[in-house]
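# Observations on the three-dimensional arrangement
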Amino acid sequence: MTLTISGLKVAVGDREILRGVDLDLQPGRVHGLAGESGSGKTMTGLAVLGLLPHGAKATGRITLGERDLLGMSAKELNKIRGGEVAMVFQDPATSMHPMLTIGRQLTEHMRHHLGLGRKEARARAIELLGQVRIPGAASAIDRYPHQFSGGMRQRIAIAIALACSPKVLIADEPTTALDVTVQAGVLRLLRGLCDDLGLAVLLVTHDLGVMSAVADEVSVMKEGLVVETGPRGRVLRDPEHPYTRALLDSLPGEKA
Ligand SMILES: Nc1ncnc2c1ncn2[C@@H]1O[C@H](COP(=O)(O)OP(=O)(O)OP(=O)(O)O)[C@@H](O)[C@H]1O
């Protein structure tokens, strides 16, 4: 399902944080969103999920298929969030409950959103853990988050995000907190899931290396606006905007 953001503005008090963002996410495509710290990447993702900070006001349109998410009631949005649109955050330690087994975290989600019974939910949880390549899924399901490495925890967080078969996945700096040696594996996993499940993925990252590894399209944000958008190869090799060029020039010895 296509998710289209058009003319999205977000203000907190009289401060404009997003000043008219346009983005188009397509099924089976990874759309990378780059830009300096504070440019509004995270706010864009949070706006899609209806999770903006208290007091923030959003205008414009965010359409999922035919439906406008910005016009939805809190109850309707609650159904979409975690159901049709899911999110993976930078630090899996903060998005998972430390005192609950990963099986419990996976199944609660499905029981709540999909109304599955205990047994069914557990079977699907094991299947999901296999899908994100957790070894020995049938026994891993009864362990706690701290019993896994950071990379494995992020894979589990991805499994939780996928539990209700979302159409859109927003991944906000999903590999930034990870050791470089495991980053590539998590990115490959995201890419594979996008292809296999036809997910529309928004990959928020300040890291253009991450971008060049997996994104199909790239958008670059600066001060609350998308200043450039296009196919990855074109944007990273032949940027039109001086700011994108400056971002590329700041990469240590690496060009996309
Ligand atoms: N809770 C909040 N209330 C008000 N303003 C906020 C809040 N959180 C963030 N902001 C402001 O919104 C702007 C955009 O922040 P955002 O987190 O979207 O940037 P970002 O591009 O994701 O940066 P980073 O790469 O550092 O995460 C920043 O100027 C930030 O100060």
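Residues numbered from 1 in each chain as written. Predicted model: local features only at pLDDT ≥ 70, side-chain atom pairs only at ≥ 80, totals over all residues.

Under an unreviewed UniProt entry, the protein chain has the name ABC-type dipeptide/oligopeptide/nickel transport system ATPase component and belongs to Streptosporangium saharense. Listed in UniProt under the heading Subcellular location (unreviewed entry), the comment for the protein chain reads: "Cell membrane". (UniProt positions renumbered as here; feature names shortened; annotations may be inferred.)

## Structural notes on the sheet that holds strand β4 (residues 56–64)
Strand order in this open sheet of 4 strands is β2-β1-β4-β5, and the pairing throughout is antiparallel. Across the chains shown, the open sheet's two edge strands, defined by having one partner strand only, are β2 (15–25) and β5 (67–68). In terms of strand pairing, strand β1 (residues 3–12) meets β4 through 8 bridges, oriented antiparallel. Of the residues in β4, the one forming a bridge with L3 is L64. Seen against the sheet, helix α1 (residues 41–49) touches β1, β2 and β4 and runs at an angle of roughly 110° to β1. (Pairing = 2+ DSSP bridges. Helix = DSSP H or I, 4+ residues; strand = E, 2+ residues; numbered from the N terminus. Contact = placed C-beta atoms within 7 Å. Axes fitted to C-alpha atoms, helices over the stretch in contact; angles between N-to-C directions.)

## Some details on the UniProt feature "domain: ABC transporter" (unreviewed entry) in the protein chain
Look at the UniProt record and you will see "domain: ABC transporter" (unreviewed entry) annotated at residues 3–248. As annotated, residues 3–248 comprises 41% helix and 26% strand, and the C-alpha atoms at either end are separated by 28 Å.

## Looking at the confidence of the model for the protein chain
On average, residues of the protein chain carry a pLDDT of 92, and 98% of them reach 70 or more. When pLDDT is averaged over each element of the protein chain, β1 comes out on top at 97 and helix α3 (residues 92–95) at the bottom at 78. At the level of chain-chain contacts, confidence expressed as ipTM amounts to 0.92, with global pTM at 0.92. (pLDDT = per-residue confidence, 0-100.)

## Comments concerning the environment of I170
Relative to the elements of secondary structure, I170 occurs in strand β7 (residues 168–172). Among the residues examined, I170 registers 26 C-beta atoms within 10 Å and is labelled buried. C-alpha of I170 to C-alpha of L100: the two residues are 70 residues apart in sequence and 24 Å apart in space. The contact partners of I170, leaving out residues within four places of it in the chain, are G45, V48, L49, V85, M87 and L202. (Buried ≥ 20, exposed ≤ 12 C-beta atoms within 10 Å, placed from the backbone.)

## Considerations on the site of the ligand
Around the ligand lies a shell formed by V12, I17, G35, S37, G38, S39, G40, K41, T42, M43, P53 and H206. Of the residues forming the shell around the ligand, the biggest block, 3 residues, is contributed by α1. Residue composition of the shell around the ligand, grouped by class: 4 nonpolar, 7 polar and 1 charged. (Near = placed C-beta within 6 Å. Nonpolar A, V, L, I, M, F, W, Y, C, P; charged D, E, K, R; others polar.)

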